[in-house]
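# Commentary on secondary and tertiary structure
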Amino acid sequence: MLKTASVPDGEKVAYWNDAVSRALVPMTVTPRDEGPFDGRIASGRLGYLQVCTMEADAERVNRTPALIARSSEALVSVAVQVSGTATFVQDGRRAEVAEGDLVVCDTTRPYSFDYPRRFATHVFQLPRRTLGVADGDVRRVTGSTIGTADGVGAMLLPFLARLASSGADGYPQAVANRLAGNVVDLLSTLIAERAHRDGADADGRSHLMLRILDHINRNLGDPDLSPERIAREHRISVRYLHRLFEGEETTVGQFVRRRRLEECRRELARRGRTTPTVSAVSQRWGFVNPAHFSRSFRAEYGVSPREWRSLRTDQDAPAVRGAEPQGG
């Protein structure tokens, strides 16, 4: 069954803020109106897909850089507006979201939702790494409304709505994994459709970029991974490799370092009987110099690796009945 948390009239808004942050990702939720506040949230899992339905009074939702630093994994969210309206802002773009619209949200960058009146929404979260699309493509579709009258959106919306209403936890594991894979395939196709509506990938550069990104992700632990080696493996020049990454608004080296840091952040957040040292984790993901790793980690997330591990320990302490903690 779906895990449910509700906030009846008179209870503290802090309870709702905590429930939403644990069911989705850390964020601040502020009611727009004075007086009693009511909100309900139900969450469940479908393989590696997190399925959440939220209904609440008018509110503002913000995900800030400080909150992003507390998250252990890069996630992509798809929000389906069931009722009410919203204003969604990310990556410098502003989208007016109406009933039946979709928006794609990257949890690794700041964003906000403003709901002017009572609303309901389905939110689907999945690991960013499962999509297999370029970062630049995801960035091109955030902060904009995706209609469902035609294209892939017309297929994706009823599928997501049915999954949310049928109870994600009711499927056998094998079926759940297959359904989650179908969501990933449709969402990846939707992102590609929206990001390249002008046919910009006709020359095959997009497909080459996907192979390069897959190669990098599979070899992050190799300290010798370099632009020269990547270019040689794909039989292209280093200069052309750098040109490909211009579309990602980053450099090859910066992308490799960020991906390594993401994996270190994710592993340092894990809890278990045996906890690897910070040095062991950094070496496993290709960092040779522990001091360089610590400086890079702090520059990216605003805290040291050890401080990050301590933050995750505090956050993992159960505090909200019925809302499952989720990393993101």
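Refer to the structure printed above.
What comes next concerns the included structure. As the structure is a prediction and not an experimental result, all values here were calculated from the model.

### So, the pairing of strand β10 (residues 111–115)
Burial runs high along β10: four of the five residues are buried. Across five bridges, strand β5 (residues 59–63) lies against β10 in antiparallel orientation. In the sheet register, R63 faces β10, and the bridge partner there is Y111. Both strand β7 (residues 86–90) and β10 contribute to a ladder of four bridges, which runs antiparallel. Looking at the pairing, T87 lines up with D114 of β10.

### Here we look at the side chain of R266
Tracing the chain through its elements places R266 in helix α9 (residues 252–268). Beyond its immediate stretch of four places on either side in the chain, R266 contacts S72, E73, R129 and W285.

### A closer look at unusual backbone geometry
Even without being a glycine, D91 presents a positive backbone phi close to 55 degrees. Inspection of the secondary structure puts D91 in the loop between β7 and β8 (93–97). The residue R235 is not glycine, and still its phi comes out positive at about 55 degrees. Here R235 is to be found in the loop between α7 (227–233) and α8 (238–246). Residue class for R235 comes out exposed when judged on its relative accessible area of 80%.

The rules we used
- Residues numbered from 1 in each chain as written.
- Predicted model: local features only at pLDDT ≥ 70, side-chain atom pairs only at ≥ 80, totals over all residues.
- Heavy atoms only, no water.
- Buried < 20%, exposed > 50% of the residue type's maximum accessible area, 1.4 Å probe, protein only.
- Helix = DSSP H or I, 4+ residues; strand = E, 2+ residues; numbered from the N terminus.
- Pairing = 2+ DSSP bridges.
- Contact = heavy atoms within 4.5 Å.

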